[in-house]
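Observations on the three-dimensional arrangement
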Amino acid sequence: MAGPMTSNSARDPLDLAQAQARAYLAGVAARPVAPSAEALAGLANFDRDLPAESCAADVVLAELDRWGSPATVATQGGRFFGFVVGGSMPVSIGANWLATAWDQNVALRVLSPTAVKLEDVALGWMVSLLGLPAGTGGAFVTAATSANMTALAAARQALLQRRGWDCNRQGLFGAPPLRVVVSADIHSTVLKGLSFLGLGSERVERVPVDEQGRVRVEMLPPLDDATIVIVQAGNVNSGACDPIAAVCERARAAGAWVHVDGAFGLWAAACAEKRHLVRGIEQADSWGVDCHKWLNTPYDCGVALVREAALLRAAMALQAPYLPTGSAREPSHFGPELSRRARGVEVWAALRHLGRSGVDALVARTCNHAQTFAAGLRAAGIEVLNDVVLNQVLVAFGSDERTREVIRRIQDSGVLWCGGSQWRGRAVMRISVSSWATTDADVALSLRTIIALAGTA
Ligand SMILES: *Cc1c(COP(=O)(O)O)cnc(C)c1O
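These figures come from a predicted structure and were not determined experimentally.

Some thoughts on the sheet that holds strand 6 (residues 286-290)
The seven strands are arranged 1-7-6-5-4-2-3 in an open sheet whose pairing can be described as mixed. Sheet topology places strand 1 (137-141) and strand 3 (205-207) at the edges, where each strand pairs with a single neighbour. Within this sheet the neighbouring strands show an average axis-to-axis angle of 20°, counted without direction. In the sheet, strand 2 (residues 179-183) pairs with strand 3 via three bridges, with the strands oriented parallel. Among the inter-strand pairings, Ser183 is bridged to a residue of strand 3, identified as Val207. Sheet contacts for helix 9 (residues 244-254): strand 4 (227-232) and strand 5 (257-261); angle to strand 4, the most-contacted strand, approximately 175°.

Next up, the structure:
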């Protein structure tokens, strides 16, 4: 019977999607990194009224691939160095496919024993790999934006609770004030989280940073036990890490809460060569980290971690007559969401695949690529503005205008993609090497291209 789900000539939609995905991935290294003008124009084919009639699944998938695939940005190739964007390893894509086919809801253990078990294990592995205190609690959330916000909600609840105020029940109006001390170079998404939390993005106290973007510990204001201090592992521009041990020492003495935004930089802790950069992270009270950046899992995948799991639970727990109340970890008691996809399965698969040595090697290799970029550019007389300590390189090609022009040429070349940023009042190009797929040959070709295009601008 032909109906909306099938057509006479129909290919199985899963077979078709798998073939399309394989063809896409097989071609991604050879195609221009940014989509062509023609590919972008093809997106207009999606502009149509909602169809009145059904359409076979294979036809839908064929349209998606025909017009959608060419207009993607090739972040799955090895030469996308914009923002801080990883790729997805085959094992994580495969785990994502299987978990999507399972269609599990990870709200509750009873809804998915498998997914909750895998997330429990992945969480334990991450805590161990990053060298965080045993017993650290966590939640799989959409990204570092929500990971930071979730952990900061725990901080807010805990610090107010100490003053006899239950902000979950009583709200913030009339609450004793909390202070929030942040790096002058704090990531914009953390400020957004603070505004969602009612802590305000403008009432923060900003601590000046040094020339690499690290907070100057001697400039910290006096801290107290109603203060949240937010530091960074991995400045989004320079890759520099705040002196976390020194900040924690001050904060501990004062009873303040330290949160680490480690969206990508927290993974330095998993690399023997780089761990010194985040020395002291285990002294903090909470952390936010992305898996979709440097661990190379699919989107959306971040993790909120809180030293005292009970404090995360106190901020996030749900109460309803139909929800379990036992002692087992129920994901929805630790994160902002109830129903959600099994994103932790991909983290489990990535960590099971890489192991400790594989994560160490992934971080070390991408950092070495960044070093190769910096050395090659400097040798060609091009200015590198930061100490390349992690995977980030900041480059200027003379005046701001010329830097912007070279970036435009690089993006148009299709060979690689780098974005612009601002660093200490100057326009810069940022090279972020975050993908498992980047090879020595990708770096060599990209370097040659940058140098050649800089010469013509
Ligand atoms: C990327 C990033 C964020 C935000 O992460 P998302 O995954 O985009 O939500 C926050 N902080 C830092 C330092 C980052 O690099």
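With respect to helix 11 (residues 344-379)
Between its terminal C-alpha atoms helix 11 stretches only 43 Å, short of the 52 Å expected from 36 residues at 1.5 Å a residue. At Gly355, helix 11 shows its maximal kink, close to 95°. Immediately beyond the C-terminal end of helix 11, within one or two residues, lies Gly381, with a positive phi of roughly 80°.

Points about the pattern of salt bridges
Under the definition given, this model contains 22 salt bridges. For Arg48, the salt bridge identified is with Glu63, shortest N-O distance 3.8 Å. Linking Arg48 in the loop between helix 2 (37-42) and helix 3 (57-68) with Glu63 in helix 3, this pair joins segments that are 15 residues apart in sequence. The class of Arg48 is exposed, set by a relative accessible area of 55%. For Glu63, a relative accessible area of 32% gives the class partly exposed.

Looking at the site of the ligand
Surveying the vicinity of the ligand reveals 13 residues, the closest of which are Thr145, Asp261, Asp290, His292 and Lys293. Side-chain polar atom of Asp290 to an oxygen atom of the ligand: 2.6 Å apart, as the coordinates give it. In the environment of the ligand, an oxygen atom lies 2.9 Å from a nitrogen or oxygen atom belonging to the side chain of Lys293. A class-by-class count of the residues in the shell around the ligand yields five nonpolar, five polar and three charged.

Criteria and cut-off values
Residues numbered from 1 in each chain as written. Predicted model: local features only at pLDDT ≥ 70, side-chain atom pairs only at ≥ 80, totals over all residues. Heavy atoms only, no water. Pairing = 2+ DSSP bridges. Helix = DSSP H or I, 4+ residues; strand = E, 2+ residues; numbered from the N terminus. Axes fitted to C-alpha atoms, helices over the stretch in contact; angles between N-to-C directions. Contact = heavy atoms within 4.5 Å. Expected span 1.5 Å × (residues − 1). Bend = angle between axes of the 7 residues up to and from the residue. Salt bridge = Lys/Arg side-chain N within 4 Å of Asp/Glu carboxyl O. Buried < 20%, exposed > 50% of the residue type's maximum accessible area, 1.4 Å probe, protein only. Near = heavy atom within 4 Å. Polar contact = N/O pair within 3.5 Å; in protein donor to acceptor, adjacent residues only side chain to side chain. Nonpolar A, V, L, I, M, F, W, Y, C, P; charged D, E, K, R; others polar.

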